[in-house]
Structures are given as structure tokens and as C-alpha cells.
Amino acid sequence: MRVACSAKLAHFAAGPFRPLFIHSKGRTVKHIRLSRQSKPGPWRGLAIAALLFAPNLVAQGADSVDAETAQGAVTGEIEEVVVTSKRRAEPIIRHAGNIANVDIETLDWLEAQHIHEVMNKVPGAWIVRGSGQEHQTAIRSPVLGGGGACGGFLPLEDGIPVRPAGFCNINLFLDVFNEEARSIEVVRGPGNALYGSNALHGTINVLMPMPGEANPHLSLEGGANSFVRGKALIPLDAESNWLVAGAYAHDGGFREDSGYDQGKLHIKRRWSGESNDFILGFTATDLDQDTAGFIVGEDAYKDPAVNRTNPDPDAFRDASSQRLYGIWNRSLGPFEMDLRPYLRHSDMSFLHYERPGQPVEDNGHHSAGALLSLTAASDTSTTIIGFDFDYADAWLRQTQDGPTEGNPRQRETFPEGKHYDYEVKGLTLAAYVQQDWQLSERWALSGGLRLEYTHYDYDNRMIAGNTRDDGTPCGFGGCVYSRPEDRSDDFTDWAPNLSLTYALAEGVSLFATAARGFRVPQMLELYRLQFGQSVTDLESETIDSIEFGVHAWGNSWTTEIAAFAMRKRDSAFRDAEGYNVSGARSKHHGIELLLDWAFHPDWLFHVNASWARHTWDFDEVGRGETFVSGNDIDHAPEWLGSAELRYQPPGRFSAGLQSVTLGEYYLDGQNRFDYPGHTLLNLRASWALTDTTSLFLRLNNLADRDVADRADYAQNNYRYLPGRGRELFAEIRYAPNR
């Protein structure tokens with residue numbers, strides 16, 4: 001099947017309305033399906049109107065795609081839409097379910113300093129920006145707190161997990177070089193059988209540039225708060241079989257005693273033969289950050305005398321990571337083999353500035369593994385059989401240098417000294433099968449099953465129990481920190497999926513999916529316990545999901561609507577008072593919309609809308625918060641989204657105005673306190689000064705609104721991480737093959 005676009009639509013291929021580019025095995029394929037996003041707040045009426053008129057658009061689009069109209073268009077023939085959710089190029093018409101792709105042109109247009117700017121392009125996703133490069137993630141979910149909550153999302157680099165399944169980092173993208181990615185694919189909710197633990201609420205695959213397919217460039221950027229960043233991708237010969245990408249950024253920080261220095265490096269080398277293609281990749285990241293903590297008091301983020309201060313000037317985060325991996329594709333008779341071996345390392349040290357006593361945590365890991373998949377394809381079916389192996393040696397220490405300040409209970413139950421010191425050796429083995437059938441010209445069926453086994457060997461290197469490190473007891477019932485005896489733990493999980501796709505007409509496809517996702521308990525949840533918890537309380541967290549959707553496109557527009565409902569069991573997270581909660585249950589349902597409309601040869605309108613409800617499905621009076629079934633989960637806005645209007649006439653100039661909206665959300669599980677939400681405006685423009693040199697300008701928070709990037713209610717007070725004010729950034733870029 002070929003998907004074509006009109007000359008009017010193809011005009012935008014050279015500007016902000018660009019086709020999606022996916023690079024696979026040395027060739028570039030293009031399609032007209034655009035990345036999407038969500039839209040709330042002031043855009044709510046527009047989103048609802050788009051939903052109401054979508055059936056009419058679909059009806060018009062059924063006959064509007066004419067393959068002959070694309071002949072002679074600016075970009076030539078438009079090929080099938082492809083994505084890489086199964087580690088190989090696949091037409092999106094065969095992909096049952098949602099998948100968002102932020103392509104290289106969009107990434108270049110955004111020039112994001114922080115990953116939240118990229119994820120604003122994904123419907124149903126919200127990256128909560130913290131201080132510096134810190135962040136928390138929500139994809140079809142609330143923002144969950146605590147060290148193990150990050151296990152609800154699976155970050156990948158070139159299809160390989162960035163970390164071991166049981167050793168996640170709540171700042172998912174600290175270890176990822178997204179600044180030089182060629183595309184970022186996001187599957188919302190559980191996906192197919194190829195990915196296992198942590199692919200619960202979402203899978204984020206950061207695809208790095210490939211030798212012979214990259215866009216070489218050099219750039220230098222500067223702006224507000226002493227921000228300076230240099231980036232490079234070499235060699236300048238785009239046809240070379242090797243490449244090096246690097247970036248270094250310095251941010252002086254917009255609050256007192258804050259800022260960061262961050263460096264990233266990516267190297268690739270390619271060897272190709274008649275039946276072999278092998279790529280060796282290496283990625284390294286390093287972050288040195290002075291962190292700014294919470295300001296307190298109702299609406300403190302609006303107070304100019306407070307919102308640029310830092311109550312925790314000693315807070316910091318130092319983190320580094322390295323990954324070496326290979327991607328080997330080879331023909332083996334009826335099978336196409338894809339083998340991805342890897343070695344990984346990370347280490348991090350940071351201050352828990354939000355915890356009583358402000359202890360310092362040091363953690364790290366060494367790990368190795370391999371992903372093997374064998375694909376056999378015919379005209380009517382495709383079978384993928386796979387085996388995954390992962391071994392990790394992880395460690396954690398937490399120490400508090402001085403006595404805790406606060407009320408008598410806090411001073412007694414959060415002792416100084418060593419809190420945790422342990423090592424965990426983890427082993428994960430998995431096998432899966434994913435089968436696709438083309439039942440007829442219109443109908444396609446897909447199903448899969450994954451079986452995964454995880455084993456932990458835990459070695460406690462200090463005294464067990466919830467005492468001080470010298471064995472003396474704490475008052476008020478015992479110390480908060482608790483350490484189990486040496487032990488081993490095993491988890492076996494299975495995850496089925498089933499999907500159906502129906503080609504309603506040319507340019508219109510419907511899909512339905514049912515899938516289960518899971519994550520094993522994280523090492524932090526199992527062995528960094530609190531008083532009153534035991535290891536046996538924790539089971540693998542599971543989520544069951546159903547989804548229905550439609551993809552439709554015409555000559556000058558494209559739209560997608562997806563509706564979902566999910567139920568989650570055996571959740572573990574940290575509540576607003578800092579206490580661990582396990583065995584929780586919740587319900588999640590919502591609808592997501594994309595609409596891209598090239599209403600004039602020089603103009604594009606892009607809008608995304610996401611509405612969702614996330615509610616508790618259990619009752620518990622905990623040591624911290626009280627949870628009531630049916631209440632909204634905290635940090636779960638119903639409305640999310642963004643919209644952008646872009647102008648690009650023929651010539652060297654382009655500009656775009658973007659609106660990003662975050663809806664109201666509760667700050668506690670009992671729904672007593674809330675944050676009203678906000679809308680921000682961002683302005684971008686670019687000028688091609690010569691055929692190889694361009695100037696980019698970005699003006700963020702155009703209206704200079706006082707907002708909170710993160711709002712909480714804890715310890716009987718409002719807490720905020722204030723957002724940045726109006727900031728201007730300028731970049732000069734040299735691209736010889738532009």
C-alpha cells in the first residue's frame with residue numbers, strides 16, 4: 001500500500017509541516033502522518049469540536065488520497081508510513097494501537113533544553129520539570145512519587161533498555177542523549193510482547209543517528225540565565241560509515257545557587273555486507289548539578305520575593321552513565337535475525353532535600369545482556385520469536401551526616417548515620433512470540449505472549465531491622481528506615497496482547513487492542529524499606545488495558561482519535577508525606593485526539609487534546625495519606641495538550657506560536673488541595689542565512705507567567721518548584737548538507 005499527499009501538503013515537507021522520517025537499513029522512507037499531542041484548558045472547546053466533526057473528516061478523507069497527485073510533488077513519491085515498535089520497519093497501517101513519533105525535523109525545530117519540551121508533542125504525556133535536568137514522567141497515568149515509581153515506564157535507546165528492569169531512575173532521561181536523537185517513538189500504555197517489565201504505562205524509544213543517514217551539523221546556542229550549549233554531529237560527510245555526536249551545556253540557573261553542567265557523547269561505527277549489517281554504538285552522559293528545592297506556602301510560586309530563592313542551597317545531583325551495544329542483522333534461512341548485545345554502567349550521588357534529615361544517596365550498577373529476535377515473514381503472516389537476557393550488579397548507600405531538624409517525631413525517627421548499604425545481583429530471562437496475520441485486504445490480526453522470570457540476590461551490608469546504624473532503637477515505635485536480612489526473591493510474569501486492524505477505506509483505518517503490562521518490584525521498593533513494611537508485601541505490578549482508535553487523513557489534514565481504559569493492581573509508590581504505599585489499585589480511562597490541518601499552502605495548524613480520569617480503586621488509612629476509592633489520584637490533571645500555528649512561506653523564513661496547557665490537578669490523595677493549572681505561550685522562528693547556515697530564535701513563556709512546574713502538599717504545607725519566566729535563546733547552526 002502506498003500513501004500519497006497532494007502538492008499542497010508536500011509543500012510543508014520542507015518546512016514545519018514535515019513528513020515523518022524513519023531510517024531503516026540504509027534507506028529513508030517518508031510519510032505524511034504527523035506527530036500528535038494533547039490539548040486542554042482554553043482549547044477544550046476546540047478539542048470537543050474536533051471530536052464532533054471527526055466523522056465528517058473521515059468521510060471526506062475516504063476518497064481524498066490519490067497516489068497520482070503526489071507525482072512531481074516537492075519531495076517526490078511518499079512511501080509507506082513505518083515505525084519500529086517491533087525492532088524493524090513496519091507500515092503504521094499494520095500497527096494496531098497508538099504510537100507517537102517525534103521526528104528529526106520536529107526535534108530540530110524544538111531545540112529542546114529539557115525533555116519536557118519534546119514530550120509536549122505526545123498526547124497523554126506530561127513530563128514534570130524539576131530543578132535543572134530533573135523530572136518526573138506521566139504517560140496515561142498520574143505522576144507517581146518514590147524511587148520505584150519510575151518502573152512504570154520503559155526508556156530505550158535504539159530498542160535497548162537504558163537500565164536494568166529492577167534498577168530504574170525516576171529521572172528517566174538523565175542517561176539518554178535525546179538532544180541528538182533522529183526520532184523518539186512513544187507507545188502509550190502496554191504494547192506488544194517484545195518489551196517486558198516496566199513497559200506498563202508507556203515505552204519511550206530514543207532512536208540515535210545512524211552512520212550514512214545522519215544530518216551533520218555544528219551549532220552554538222546562548223540565552224537567558226547564562227545558558228550556553230554547543231552541539232556537533234560529525235563526520236561532515238553524511239555517507240560515512242561512522243559518526244560522532246556530542247553536546248555540552250552550561251545553565252547558570254534561574255534560582256539562587258542552582259544550575260548545571262552536562263555533557264553527552266554518542267559514537268557509532270557500521271559494517272555492512274551482503275547478508276550482514278552490524279552497528280557498534282557507545283553513549284556516555286555526565287551531569288553536575290546544583291539543585292534548587294521546594295519553596296513553601298500557598299501560591300508561593302507567584303511571589304517574586306520567594307520564587308527565585310533556594311531554601312536548599314546544598315542540594316546537588318551528580319550522575320554519569322555509559323553504554324556500549326551492538327545491533328547485528330543477518331539473514332538465517334527463512335529468518336531475519338536481530339541480535340543486540342550490550343554493556344551498561346551508571347553511578348549517581350544526590351541529596352534527598354525533600355526528606356527530613358536530608359540524607360545523601362549514592363547508587364550505581366554494572367550490567368550486561370542481549371536481546372535476540374528471529375523474524376519469519378510471508379505475504380500473509382509474520383512471526384517473531386525472541387529471547388532476552390539481562391544480568392545486573394547494583395548497589396545503594398544512604399547516609400545522613402547530622403541530626404534531623406523538625407518536630408520531635410521527625411528528630412527521633414529519622415536518625416543520623418547510615419540508613420542503607422546493600423548490593424543486589426539481578427537476573428532477568430524472557431521468551432516471547434508475536435504473530436501477525438493479514439486475514440484479508442481489510443482485516444489484520446495480531447497476538448503475542450511474553451513470559452519473564454526475574455531473580456534477585458540481596459546482600460545487606462549493615463545491621464538488619466529498623467534501628468540506628470549502631471543497633472540502638474528509635475523512639476515513637478522505631479526508625480523510619482528498615483533493612484531486611486539477606487535474602488533472594490523470584491518473580492514470574494506473563495503478558496498477553498491481542499489486536500485487530502480494519503481498513504475502513506483508503507485513508508481510514510480502525511484498530512482495537514487488549515494488552516497486559518507489568519513491572520517487577522524495583523530493588524528500591526524491596527530492600528529500602530520503611531518501618532511496618534516487609535518484602536513479602538510486594539508483588540509484580542500489572543495493568544490490563546483496552547483501546548479503540550481511528551487513523552484518518554486527507555489531502556491537507558490528518559487526524560487520530562484513541563480511547564482507552566486501564567485497571568492497575570499491586571501498585572507501589574510514595575505518598576505526599578514520604579511514606580511508601582504498596583498493594584494499591586487504580587483505574588484509568590480517557591480519550592486522545594490529534595488534528596493537523598494545512599489550511600493554506602503557507603500555514604499549518606496543529607492541535608492535540610487529551611482528557612483522562614485517574615482514580616483510586618482501594619481504601620486505606622495509611623501512616624501518611626488516606627486513600628478513598630473513587631477519589632482522583634493526585635498529580636493527575638484531566639486535561640493536557642498543546643497547539644501550534646506555523647507559518648512558512650516559500651523562502652528562508654519560518655515562525656511558529658505554540659500554546660501548552662496543563663489542567664487543574666489535586667495535590668493530595670484526599671482531594672483537599674489543588675493546583676489550578678496553567679497555559680504557556682512559546683514563540684519560535686528560523687532564518688536560513690545562507691544555504692548552509694541558519695539562525696534559530698526561541699522565546700519561551702512569552703507572557704512571562706508565574707507558574708509552578710511542580711506543586712505538592714506535604715507536611716501540612718504547600719510546596720512548589722517554580723517555573724521559569726520569559727527566556728530568549730538564540731542558536732547559530734552550520735549544516736553542510738542542509
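Our structure's up above, just so we're on the same page.
Residues numbered from 1 in each chain as written. Predicted model: local features only at pLDDT ≥ 70, side-chain atom pairs only at ≥ 80, totals over all residues. Heavy atoms only, no water.

**Q** Hey, could you run me through a nonpolar patch on the surface in this one?
**A** On the surface, a nonpolar cluster with roughly 540 Å² of combined accessible area is contributed by I385, F387, V433, L449, L451 and W494. Elements with a minimum of two residues in the nonpolar patch: β21 (381-400) and β23 (443-460). The exposure class assigned to W494 is partly exposed, which follows from its relative accessible area of 47%. (Patch = residues over 30% accessible without salt bridge, like charges linked within 9 Å, V, L, I, M, F, W, Y side chains within 5 Å. Areas by Shrake-Rupley, 256 points an atom, 1.4 Å probe, with all protein chains shown as cover. Salt bridge = Lys/Arg side-chain N within 4 Å of Asp/Glu carboxyl O. Helix = DSSP H or I, 4+ residues; strand = E, 2+ residues; numbered from the N terminus. Buried < 20%, exposed > 50% of the residue type's maximum accessible area, 1.4 Å probe, protein only.)

**Q** How do you make sense of the sheet that holds strand β8 (residues 153-157) when you look at a structure like this?
**A** Strand pairing within a sheet occurs via backbone hydrogen bonds; the two strands may be parallel or antiparallel. The strand order across the open sheet built from five strands is β5-β10-β11-β8-β9, with neighbouring strands paired in mixed fashion. Each end of this open sheet is capped by a strand with a single partner; those strands are β5 (100-103) and β9 (160-161). Across five bridges, the pairing between β8 and strand β11 (residues 202-207) is parallel. Across the sheet, residue L156 finds its bridge partner in β11, namely N205. (Pairing = 2+ DSSP bridges.)

**Q** Please clarify how the side chain of T428 should be interpreted in this entry.
**A** Looking at where T428 falls in the secondary structure, it is placed in strand β22 (residues 417-438). Leaving out residues up to four positions away in the same chain, T428 has contacts with D388, F389, D390, E452, Y453 and T454. (Contact = heavy atoms within 4.5 Å.)

**Q** Teacher, can you tell me more about the packing of aromatic side chains here?
**A** Aromatic ring pairs are described here by two measures, namely the spacing of the ring centres and the angle between the planes. In this structure the tally under the stated criterion is 28 aromatic pairs. A centroid spacing of 5.6 Å and a plane angle of 80 degrees characterise the contact between Y420 and Y481, whose relative ring orientation is edge-to-face. In this pair, Y420 sits in strand β22 while Y481 sits in strand β24 (residues 481-482), placing the two residues 61 residues apart along the sequence. Residue Y481 is classed as buried on the basis of its relative accessible area, which comes to 3%. Taken together, the ring pairs connect W126, Y301, Y665, F673, Y675, Y713, Y718 and Y720 into an aromatic cluster. In this arrangement the basic side chain of R516 is found over the ring face of W494, its NZ or CZ atom lying 5.2 Å from the centre. (Phe/Tyr/Trp six-rings, centres within 6.5 Å; stacked < 30°, edge-to-face > 60°. Lys NZ or Arg CZ within 6 Å of the ring centre and 35° of its normal.)

**Q** Help me understand the nonpolar core in this model?
**A** Across soluble globular proteins, you tend to see nonpolar side chains buried next to one another. Counting 38 residues, the largest nonpolar core has V118, M119, F173, I184 and I204 as its most contacted members. Those elements that provide at least two residues to this core are β5, α3 (104-110), α4 (115-119), β6 (125-129), β10 (183-188), β11, β14 (242-251) and β18 (316-332). Other than its neighbours up to four places away in sequence, I204 contacts M119, I139, F153, L154, P155, L156, L172, F173, I184, E185 and V186. Listed in part, the 21 residues of the second largest apolar core include Y420, Y481, M523 and A572. (Core = buried A, V, L, I, M, F, W, Y, C linked by side-chain atoms within 4.5 Å.)

**Q** Looking at this structure, I do not really get unusual backbone geometry. What am I missing?
**A** In terms of backbone geometry, most residues other than glycine have negative phi values and most peptide bonds are trans. With an omega of 10 degrees, the peptide bond between I234 and P235 qualifies as cis. Secondary-structure assignment places P235 in the loop between β13 (227-234) and β14. Non-glycine residue S226 carries a positive phi angle of around 60 degrees. Tracing the chain through its elements places S226 in the loop between β12 (217-223) and β13.

**Q** Whenever I open this one, the sheet that holds strand β41 (residues 717-722) confuses me. Can you help?
**A** Pairing is antiparallel across the open sheet formed by three strands, whose spatial order is β17-β41-β40. A single partner strand is all that each edge strand has here, and the edge strands are β17 (295-296) and β40 (708-714). Where β40 meets β41, six bridges bridge the pair, whose relative direction is antiparallel. Its bridge partner lying in β41, A714 is registered against N717.

**Q** Is there a simple way to explain the pairing of strand β38 (residues 678-688) in this structure?
**A** Remark: a regular strand shows side chains that alternate across the two faces of the sheet. Most of β38 sits inside the fold, with eight of its 11 residues counted as buried. Taken together, the 10 bridges between strand β35 (residues 653-662) and β38 define a ladder with antiparallel strand orientation. Across the sheet, L662 pairs through a bridge with H678, a residue of β38. Inspection of the sheet shows β38 paired to strand β39 (residues 693-700) by six bridges, in the antiparallel sense.

**Q** Where do I start with the pattern of salt bridges in this structure?
**A** Side-chain pairs of opposite charge can arise whenever the charged atoms involved come near each other. If you walk through the whole model with that rule in mind, you get 44 salt bridges. The residue E547 makes a salt bridge to R140 at a minimum N-O spacing of 3.0 Å. With E547 in strand β28 (residues 541-553) and R140 in the loop between β7 (135-139) and β8, the pair connects residues that are 407 residues apart, well separated along the chain. Judged on exposure class, the residue E547 and its partner R140 are both buried. Within this structure, E111, E117, E221, R229, K231, R698, E731 and R733 form a network of salt bridges that share partners.

**Q** Can you help me understand the environment of E625 in this one?
**A** As for its position among the elements, E625 is in the loop between β32 (620-621) and β33 (626-627). Since its relative accessible area comes to 4%, E625 is described here as buried. Taking the C-alpha atoms as reference points, E625 and D668, 43 residues apart in sequence, are found 7.7 Å from one another. At 2.6 Å, the side chain of E625 forms a polar contact with the backbone nitrogen of G669. (Polar contact = N/O pair within 3.5 Å; in protein donor to acceptor, adjacent residues only side chain to side chain.)

**Q** What am I meant to see in the state of the cysteines here?
**A** Disulfides are covalent bonds that connect the sulfur atoms of two cysteines. Counted under the stated rule, the structure contains two disulfides. Note on cysteine connectivity: C150 is disulfide-linked to C168, with sulfurs 1.9 Å apart. Sign of the S-S torsion, about 65 degrees for the bond between C150 and C168, identifies this disulfide as right-handed. With C150 in the loop between β7 and β8 and C168 in the loop between β9 and β10, this residue pair connects regions lying 18 residues apart in the sequence. Taken as a pair, C150 and C168 share a single burial class, namely buried. Disulfide partner of C474: C479, at an S-S distance of 1.8 Å. Given an S-S torsion of about 75 degrees, the disulfide between C474 and C479 has right-handed geometry. (Disulfide = S-S within 2.5 Å.)

**Q** Would you take a moment to explain empty space enclosed by the protein for this structure?
**A** Any empty space left between the atoms is revealed when a probe the size of a water molecule rolls over them. Evaluated as defined, the whole model comprises 18 cavities of 30 Å³ or more. In this structure, the largest cavity occupies an estimated 500 Å³ of space. Contributing to the lining of the largest cavity are 31 residues, with H116, N120, V660, L680 and D709 lying nearest its centre. Where the lining of the largest cavity is concerned, the elements lending two or more residues are α4, β6, β34 (639-647), β35, β38, β40 and β42 (727-734). (1 Å grid on protein atoms, 1.4 Å probe; cavity = no way out; pocket = protein on both sides within 12 Å on 5 of 7 lines; lining within 4 Å. Points joined across faces, edges and corners; volume = space filled by probe spheres on them.)

By themselves, these are just geometric observations and shouldn't be taken as functional.
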